Amino acid sequence: MGIDGEAERSEASEMRAGAAGTERSEGPDDASGETASEKRHASREDERSESSNRDDRAFPGVPESEDEDDAVIVPETSGAAPRSREGLDHAREGAIETATDEGCGPDTCTCGEKTAPDAEGRSVATDGAGVSNVDETGSLGNLEFTEPSENVSQDVDNGEPDVRVGVPEGVDLDTPTYSIRSEMNDIETPDEKTWFMELDEAVIDAGRCIQCGTCVAACPSDSIGVGDDDLPELVKMCTGCSLCWDFCPRGGLRYERQWKITGGEDNVKGAGDPITEFSAKVDDDWTDGAQDGGVVTGMLASLLEAGEIDGALIATESEEEDWKAESFLATTEEELIENAGTVYNQTLALGNLDLKQWEHKLPDKDWDELSLALVGTPCEIEGIRALQDFDWDYQGHDEGIGAVEYTIALMCTKNFNYYSLMGEQLEDQRGISPDEIGKMDVLHGKLMVYGRDGEMILEEDIENFHDAALKGCDECADFTGFCADVTVGSVGSADEYSSVILRTEQGVRAWEYTEPKLDYHDLEDKSAVGKLQGWDKKKAFESLERPFDPDAPRFIDYTDHAENYGTSTNPHDEGH
């Protein structure tokens, strides 16, 4: 600011000082030179002098005391009589009795206070307004309290939180939506900040969720949980960090780019760029209950035995619902064998990497010293690989994400919604109850169901069960688990054998621990694996609404995704 500005400030300061002086000046007010302050002090002195000459000063009644006079302190009062509360709206009935005689004495009162003798004949001064539990003599009575209500609250009808209750008949009220936040603040949500609500709009509500659980693991505030419908849901406030969106294989994660980041330039061609491939089986009695050759169970048991891992996150059958898969941390060979086999619904495995829930099963060592194996579908392996590439804080799942050192992918064309497959398709339409089933398999384009006695009770084209499949699986081009250390499946090998693809040095290490227990040879039919992988890619290209580009950036902006899929760019501003 220049000289003119300085002059303006100086002039304004002088004006403010002048105005203040008009109100607060202590300068001479008249010819005598006496200031206003001095006049006020003189006036107060005159008032005090006049008051001291009065003989009719009023004091409250004071109880008699046997102490020396000097020990009794009597508060000073002004000469003005206390104001009576008689006639006020809130005066208590009977609290004020005013005598007609002038002057206050031990037994009479004209000032609005009440004075009466107590039980021993002493004078007692009481509050003119009265006290609810003190009588006219000053005796304290019993206190009475209103009992609080129990088990009584607003009747919300256990309904939805955005539905009004107790609305009078004939009255139509609009319940405010989330958009009221924008209206009140007059601020639009920035496009670069992505919330769980965007993920919900574009993936979960759109029926594209593949139930991998990556969003649950990615959340740095543990704000995402799993609902009764086995879908991710918000369990506390979202901070808008964008991580749930970024790492979702159907949202912000360009999964084909993750293939190249994990396995190199050639890992996007054909069935990927493996180190070697085998057809193998474990030659042991327990393999009768395993899927195909039991290689996954044998490999995990070998890693446990060698002390390479402290546990393996696998699938187990729910105790409440037959053939419903749930995540389970196996820490012994017995637990692995007991849970051998395959179930055809997701477990949201990555949503179960909070090691505190498994603390009772893990050895007593620091979290960062634990080592785990993870068995999952290709999308789950894509998710864990992407999470491990970034040294961020994933809150409750942080130690679990870091502990995963071995990953085994199961060959997968698609997965199913448990209730649609087992309830609607098999039980309702085909009369096969889940408790009758001993084993299920998808092989050669067929869904095969076996009874508990081992006899096949259903063999039908897998296409007939398309309505029970997860819609998001149609967009997946990863049949063979491009990001895993080891891939295991049945395609390309004879019955009772598993096809094993070793993709990383860590996968070779796991194989070396397991090899002494295996009956194995070169992969019998590599072309079968390649053909099915090609078919899977073709179906994905037809279903994807975005370009398939392994060279593009790993993360897809929500605005770009919304443009391709036609979803709302700011669903929270539109009352989502």
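Residues numbered from 1 in each chain as written. Predicted model: local features only at pLDDT ≥ 70, side-chain atom pairs only at ≥ 80, totals over all residues. Heavy atoms only, no water.

A few words on the overall build of the chain. Of the regular secondary structure elements, the chain holds 15 helices and 15 strands. Looking at the chain alone, contacts between residues at least 24 apart form 64% of all its contacts between residues at least 6 apart. Split by element, the accessible area of the chain, about 32,700 Å² in all, is 45% carbon and sulfur. (Helix = DSSP H or I, 4+ residues; strand = E, 2+ residues; numbered from the N terminus. Contact = heavy atoms within 4.5 Å. Areas by Shrake-Rupley, 256 points an atom, 1.4 Å probe, with all protein chains shown as cover.)

Taken together, Glu317, Asp322, Glu424, Glu427, Asp428, Asp435, Glu436 and Asp467 make up a surface patch of like negative charges. Here the negative patch gets 3 residues from one element, more than from any other, and that element is helix α12 (residues 418-430). Locating Glu436 in the fold gives a position in the loop between α12 and β10 (437-443). (Patch = residues over 30% accessible without salt bridge, like charges linked within 9 Å, V, L, I, M, F, W, Y side chains within 5 Å. Salt bridge = Lys/Arg side-chain N within 4 Å of Asp/Glu carboxyl O. Lys, Arg positive; Asp, Glu negative; His and termini not counted. Charge placed at Lys NZ, Arg CZ, Asp CG, Glu CD.)

Below, the discussion takes up the pattern of salt bridges. Summed over the entire model, instances satisfying the criterion amount to 17 salt bridges. Where Arg430 meets Glu460, a salt bridge forms, and the shortest distance between an N and an O atom there is 2.8 Å. Here Glu460 lies in strand β12 (residues 456-461) and Arg430 lies in helix α12, a separation of 30 residues in the sequence. On the basis of relative accessibility, which here comes to 24%, the residue Arg430 falls in the partly exposed class. Taken together, the shared-partner salt bridges connect Lys260, Glu265 and Asp551 into one network. (Buried < 20%, exposed > 50% of the residue type's maximum accessible area, 1.4 Å probe, protein only.)

Pairing is antiparallel in the open sheet, where 3 strands are placed in the order β10-β11-β12. Every other strand in the sheet has two partners, leaving β10 and β12 as the edge strands with one partner each. Across this sheet, the average inter-strand angle for adjacent strands is 15°, counted without regard to direction. Judged from the 6 bridges that link them, β10 and strand β11 (residues 446-451) form a sheet pairing that is antiparallel. Looking at β11, one finds that Asp441 is bridged to Met448. (Pairing = 2+ DSSP bridges. Axes fitted to C-alpha atoms, helices over the stretch in contact; angles between N-to-C directions.)

Moving on, we come to helix α15 (residues 558-565). Among all positions in α15, only Tyr558, His561, Ala562 and Tyr565 are buried. All buried residues of α15 lie within an arc of 100° about the axis, which places them on one face of the element. Each element contacted by the buried residues of α15 is listed here: α4 (196-204) and α6 (243-246). Immediately beyond the C-terminal end of α15, within one or two residues, lies Gly566, with a positive phi of roughly 75°. (Arc of directions from axis to C-beta.)

Of all residues in the chain, 67% have pLDDT values of 70 or greater, and the mean over the chain is 79. Across residues 5-41, where pLDDT falls below 50, the model places 15 contacts with residues more than four positions away in sequence or in other chains. Note on residues 77-101: pLDDT is under 50 here. Beyond four places in sequence and across chains, it has 33 contacts. (pLDDT = per-residue confidence, 0-100.)

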